[in-house]
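Coordinate analysis (summary)
So the chains spell out like this:
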Amino acid sequence: MNRIRRTYRSLKTAASDVVSLVRMALAKGNRIEKRTDFAKCQHPVLLIYGFGQTRRVLNVLENRLRRDGYCVWSINQGGLFDTFNTGGIEDLGKLVAEKVERVVRRHNLPKIDIVAHSMGGLVARYYVKRVD
């Protein structure tokens, strides 16, 4: 009986931890802060995160690139709960194309570098090779 109680408690704790992580991700996962001033931007960098992830997965890299003088931005890729990226490569590639074209046109940027993680790399490759 004690073993069953211990197992129940450990499962209950694990479930509570998962619920806490999901709540945190839903609250902060894809919140976009307008921190990039494209008017003064010499080195714009687009970050694209991977499948099942949120923008927060690239937060450390974003902060480092900003410290090094890059203008960093990312796109809310939507997905599960409009937070976790679960979209298809083609659809996300087209979304990236729309957003990039809008930013380039609005701010007259000569080029944009892309840094992508996991499936974000596949999305970036689709955008670069296939989207007109």
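Calculation criteria
- Residues numbered from 1 in each chain as written.
- Predicted model: local features only at pLDDT ≥ 70, side-chain atom pairs only at ≥ 80, totals over all residues.
- Heavy atoms only, no water.
- Helix = DSSP H or I, 4+ residues; strand = E, 2+ residues; numbered from the N terminus.
- Buried < 20%, exposed > 50% of the residue type's maximum accessible area, 1.4 Å probe, protein only.
- Contact = heavy atoms within 4.5 Å.
- Areas by Shrake-Rupley, 256 points an atom, 1.4 Å probe, with all protein chains shown as cover.
- Salt bridge = Lys/Arg side-chain N within 4 Å of Asp/Glu carboxyl O.
- Patch = residues over 30% accessible without salt bridge, like charges linked within 9 Å, V, L, I, M, F, W, Y side chains within 5 Å.
- Lys, Arg positive; Asp, Glu negative; His and termini not counted.
- Charge placed at Lys NZ, Arg CZ, Asp CG, Glu CD.
- Core = buried A, V, L, I, M, F, W, Y, C linked by side-chain atoms within 4.5 Å.

Some details on the overall build of the chain
Counting its regular elements, the chain contains four helices and three strands. Its helices and strands in sequence order give the chain the pattern α-β-α-β-α-β-α, from N to C terminus. In the chain, which comprises 132 residues, the proportion classed as buried is 33%. In the chain, the proportion of contacts linking residues at least 24 apart, taken out of those at least 6 apart, comes to 77%. Carbon together with sulfur atoms contributes 52% to the accessible area of the chain, which is approximately 9,100 Å² in total.

Some thoughts on the pattern of salt bridges
Under the definition given, this model contains two salt bridges. Glu62 is the salt-bridge partner of Arg66, the closest N and O atoms lying 3.1 Å from each other. With a gap of four residues between them, Arg66 and Glu62 both fall in helix α2 (residues 59–67), about one helical turn apart. Each member of the pair, Arg66 as well as Glu62, carries the same accessibility label: buried.

So, a positive patch on the surface
Side chains of Arg3, Arg5, Arg6 and Arg9 sit close together on the surface and give a patch of like positive charge. Considering the arrangement of structural elements, one finds Arg5 in helix α1 (residues 2–28). According to the relative accessible area criterion, Arg5 is partly exposed, its value standing at 45%.

Description of the nonpolar core
If you look at the biggest cluster of nonpolar residues, it comprises 18 residues, and the most contacted ones within it are Leu46, Trp73, Val96 and Val100. Looking at this core, the element that brings in the most residues is helix α3 (residues 89–107), giving five residues. Setting aside residues no more than four positions away along its own chain, Val96 makes contact with Leu46, Ile48, Ile75, Val123 and Tyr127. One finds Leu47, Tyr49, Leu65 and Val72 within the second-largest nonpolar core, a separate group that totals six residues.

Take it as geometry only, folks, not as evidence of what the structure does.
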